[in-house]
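# Understanding the architecture of this molecule
The chain contents come next:
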Amino acid sequence: MPNIVLFSGSSHHDLSQKVADRLGLELGKVVTKKFSNQETCVEIGESVRGEDVYIVQSGCGEINDNLMELLIMINACKIASSSRVTAVIPCFPYARQDKKDKGFFDIAVDNLYAEPAVLKWIKENIPEWKNCIIVSPDAGGAKRVTSIADRLNVDFALIHKERKKANEVDRMVLVGDVKDRVAILVDDMADTCGTVCHAADKLIDAGAIKVYAILTHGIFSGPAISRINSAPFEAVVVTNTIPQEEKMKACPKIQVIDISMILAEAIRRTHNGESVSYLFSHVPL
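The structure displayed is predicted, hence computed values, not measured ones. (Residues numbered from 1 in each chain as written. Predicted model: local features only at pLDDT ≥ 70, side-chain atom pairs only at ≥ 80, totals over all residues. Heavy atoms only, no water.)

## Let's talk about the overall build of the protein chain
Of regular secondary structure, the protein chain possesses eight helices and twelve strands. Its C-alpha radius of gyration of 20 Å places the protein chain within 12% of the 19 Å reference for a compact globule of 285 residues. Across its three principal directions, the C-alpha atoms of the protein chain cover 60 × 40 × 35 Å. In the protein chain, which comprises 285 residues, the proportion classed as buried is 45%. Considering only residue pairs separated by 6 or more positions, the protein chain has 62% of its internal contacts joining residues 24 or more positions apart. Counting every atom, the protein chain has about 14,700 Å² of accessible surface; 50% of that belongs to carbon and sulfur. (Helix = DSSP H or I, 4+ residues; strand = E, 2+ residues; numbered from the N terminus. Rg over C-alpha atoms; globule rule 2.2 N^0.38 Å. Buried < 20%, exposed > 50% of the residue type's maximum accessible area, 1.4 Å probe, protein only. Contact = heavy atoms within 4.5 Å. Areas by Shrake-Rupley, 256 points an atom, 1.4 Å probe, with all protein chains shown as cover.)

## Observations regarding the nonpolar core
Within the largest apolar cluster, 40 residues are counted, with the highest numbers of intra-cluster contacts made by Leu-6, Ile-122, Ile-134 and Ile-184. Taken domain by domain, the makeup of this core includes at least three residues from each of domain 1 (4-100 + 261-278) and domain 2 (114-161 + 172-239). The contact partners of Ile-184, leaving out residues within four places of it in the chain, are Ile-122, Ile-126, Cys-132, Ile-133, Ile-134, Val-135, Tyr-212 and Ile-214. In terms of nonpolar packing, the next biggest core, distinct from the first, is built from 30 residues, Met-172, Val-178, Cys-197 and Phe-220 among them. (Core = buried A, V, L, I, M, F, W, Y, C linked by side-chain atoms within 4.5 Å. Domains from an automatic or database assignment.)

## Topic: a nonpolar patch on the surface
Residues Phe-92, Phe-105, Ile-107 and Val-109 make up a contiguous nonpolar surface patch of roughly 380 Å² in combined accessible area. If you trace the backbone, Phe-92 turns up in the loop between strand S5 (84-88) and helix H3 (115-125). (Patch = residues over 30% accessible without salt bridge, like charges linked within 9 Å, V, L, I, M, F, W, Y side chains within 5 Å. Salt bridge = Lys/Arg side-chain N within 4 Å of Asp/Glu carboxyl O.)

## So, the domain arrangement of the protein chain
According to the domain assignment, the protein chain consists of domain 1 (4-100 + 261-278) and domain 2 (114-161 + 172-239). Here domain 1 and domain 2 have C-alpha centroids that lie 31 Å from each other. Contacts between domain 1 and domain 2 engage five residues on the former and six residues on the latter. Of the roughly 400 Å² buried where domain 1 meets domain 2, counting both sides, 63% is carbon and sulfur surface. The interface formed by domain 1 and domain 2 includes zero salt bridges. Where domain 1 touches domain 2, the interface holds zero residue pairs in polar contact (both at pLDDT 80 or more). Residues that form the side of domain 1 that touches domain 2 fall into these classes: three nonpolar, no polar and two charged. (Buried area = accessible area lost by both parts, 1.4 Å probe. Polar contact = N/O pair within 3.5 Å; in protein donor to acceptor, adjacent residues only side chain to side chain. Nonpolar A, V, L, I, M, F, W, Y, C, P; charged D, E, K, R; others polar.)

As structure tokens, then:
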């Protein structure tokens, strides 16, 4: 595509390369390093004058450093007279801090969804999907699971957590019938995986014959991997918004949905001035 340059930050080079391959582009030349005082330095290695620039940088790993690197890359491209700079952020950092501020920006923002890719994975990888039930591990995800259940034409359930005090779950109450069904837990992210693993145990105790977990962002910090290995999951499925190679070596239950085609098509449509709403309900080929 003419007049377009795609750069990769240092957070997830593999995903950036997949996006570039799908667009038929070479990744732009950029060098990132740190000064002796640990300040981040970014050198753009090619002309971006008059170009439509896209920078892929995910909110993972050393999150604060990667966020600052992204901001410096944006500034460097603007100073170098690019016509437009778009940040492509597969996993948006700090979104969990304050949900009510998530949608308030003074620039154009398109929020992409993993739901079409999740539906495709379920139909292609779970033979019994027509006898499944979609489950939210907490009440906050009810809207998410009802949308997926409606599109699959199956039932849904949710798990209500009762707390005696903050950050300490007293007990979980399952709302819905999972007996003799394949239960698919769906959530937007999993960090230490305490909630989702307890939910899996609850579903097995309630008579579910198999339990899957499908999570948009697999952060998997702290004891997450050991918890998943001990939990009764058939598979824990995440997108590759965050690098998962090392986690997959430590946990054979983890499987990955590639979302590079969604990001690539979003970039193509944005560059050409087309609507990205098609991606809300379809997975591009």
